[in-house]
Amino acid sequence: MFSAFDNAIKQLSEVVPLLEKEYADKKKLQKAIDLLKRPQNFYRKALKIKLDGGKNASFPAFRCQYNNARGPFKGGIRFHPNVCEDEMKALAFWMAVKCAVVDIPYGGSKGGIVVDPSVLSEKELRRLSVKYAEFITPFVGPWVDVPAPDVNTNGQIMAWMLESYEKKTGRQAPATFTGKPIELGGSQGRIEATGQGGVYVLEQYLRTKGQKNQRTSVAVQGFGNVGYWFAYFAQKEGFKVVAVSNSKGGIYNPKGLDVNKLADSFKPNITNEELLTLDVDVLVPAALENAITGANAKKINAKCVLEMANGPTTPEADVILAKRKIDVIPDVLANTGGVTVSYFEWVQNLGGYYWTKEEVNRKLKPIMVSAFDDIQKTVDEKKITYRQAAYFLAIKRIIDAMMLRGRV
Ligand code: NAD
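This one's a predicted model, so the numbers in the text were calculated from it and none came from an experiment.

Novice: Please clarify how helix α3 (residues 26–35) should be interpreted in this entry.
Specialist: In an α-helix, one turn spans 3.6 residues, which is why side chains three or four residues apart end up on the same side. Three or more residues of α3 are buried, namely Leu29, Ala32 and Ile33. One side of α3 holds all its buried residues, which, seen down the axis, span an arc of 100°. Measuring from the side-chain oxygen of the N-cap residue of α3 to the backbone nitrogen of Lys27 gives 3.2 Å; that N-cap residue is Asp25.

Novice: Sorry if this is basic, but what is going on with the site of the ligand here?
Specialist: Every one of the 19 residues lining the ligand counts as a neighbour, but Thr194, Phe223, Asn225, Val226 and Asn310 are closest to it. Side-chain polar atom of Asn310 to an oxygen atom of the ligand: 3.0 Å apart, as the coordinates give it. Look at the ligand: alone it shows 830 Å² of surface, and the protein chains cover 68% of it. In terms of residue class, the shell around the ligand is made up of seven nonpolar, 11 polar and one charged.

Novice: How should the sheet that holds strand β7 (residues 240–246) be read in this particular structure?
Specialist: Strand pairing in a sheet relies on backbone hydrogen bonds, with the paired strands running either antiparallel or parallel. Spatially, six strands are ordered β8-β7-β6-β9-β10-β11 in an open sheet, and the strand pairing comes out mixed. Each having just a single partner strand, β8 (249–252) and β11 (327–329) make up the two edges of the open sheet. Neighbour to neighbour, the strand axes of the sheet diverge by 15° on average, direction disregarded. Note that β7 and β8 share four bridges and pair antiparallel. When the sheet's bridge partners are listed, Ala243 is paired in β8 with Tyr252.

Conventions and cut-offs
Residues numbered from 1 in each chain as written. Predicted model: local features only at pLDDT ≥ 70, side-chain atom pairs only at ≥ 80, totals over all residues. Heavy atoms only, no water. Buried < 20%, exposed > 50% of the residue type's maximum accessible area, 1.4 Å probe, protein only. Helix = DSSP H or I, 4+ residues; strand = E, 2+ residues; numbered from the N terminus. Arc of directions from axis to C-beta. Polar contact = N/O pair within 3.5 Å; in protein donor to acceptor, adjacent residues only side chain to side chain. Near = heavy atom within 4 Å. Areas by Shrake-Rupley, 256 points an atom, 1.4 Å probe, with all protein chains shown as cover. Nonpolar A, V, L, I, M, F, W, Y, C, P; charged D, E, K, R; others polar. Pairing = 2+ DSSP bridges. Axes fitted to C-alpha atoms, helices over the stretch in contact; angles between N-to-C directions.

Written out as structure tokens, the structure reads:
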């Protein structure tokens, strides 16, 4: 069976030969790699709540704290029937990688509950969220581990969890959770941050290729939070957005679409599979994982794939795209605008001083641009893919921090 964590460890192992050239003490390096093959802490508990009808129900819950060499653990909380220990470990590892790629001072973590929240009433959802907050209260906090929303969780759930945490600890600590509603210390610009960050990365990539936004056509798979805001900012910056899709199908117009007019609904004229194979400059998977596989990678006609979703390209497809000289800008770089503005939210909470949306964007851009430039430099120097360069740089930053702390 496909294991997300096996895939994560494979990505780690792939950059070991490159890392061996960087460290004189091979034993120390090996020790660091061994430590990075497992999380520092893994907590589990069955959460029991009373359902509205009076019956009791129990839901397995997890918090995985992968590595905190570079700063407090940081990672979302997912409510989904498929949540499992393997997935938690992989996602927590990838959070550590992402934070290191954009060089923000965090480690990586992830949490979740095995539950289909759509079958719960709002009261049940709140009781379950509070139970989860009680479970993690002893091992989260602004300088320990900072959770955030993920699949099927949102600002309201963070607000319930914050209230529970603060009641238990007896003090205000908004920096314990990010992705909060603005009224409770959330940051301006968080909702659109992932899409906006992706556009900054794409613009920087094109700059290195000497290509102008105006001549660049883009197809976006997925029109949710990430896909919509990506398409919105891409159009604003002059890109020609020729296709977008949701789970029902896609809409394509080679002359360009008006993203603002599509916001509510659109009538599909192509399938999602057709969208992936369009003859465009940039293909942007922004829906689910495993969209580009060994089966369809040969049919991709784009010159570049910008991974806005998490894990949209399978390892098999990655090899095929590399052979075909199609650049893949990896998720661990392209979609880090969200975690970067979460970091801004934490900074604002700690300082008790709040920024405007313009200030948030002014600070987001240089972080995304500089992360891209670091990776481009590594791609050019080592003649490796963007994904390999991102993992190499991130793992090196984490290992350097582990060595400085004397953990190895
Ligand atoms: P979302 O639920 O808001 O949107 C998902 C979109 O994908 C919807 O438009 C849905 O209709 C569409 N979709 C579902 N199945 C599809 C299919 N088979 N083909 C085409 N479209 C399909 O989710 P989101 O927050 O936009 O997240 C999208 C991806 O980005 C996920 O992989 C998520 O993990 C990743 N991500 C999100 C953020 C964030 O800040 N929201 C940050 C980093 C990464």
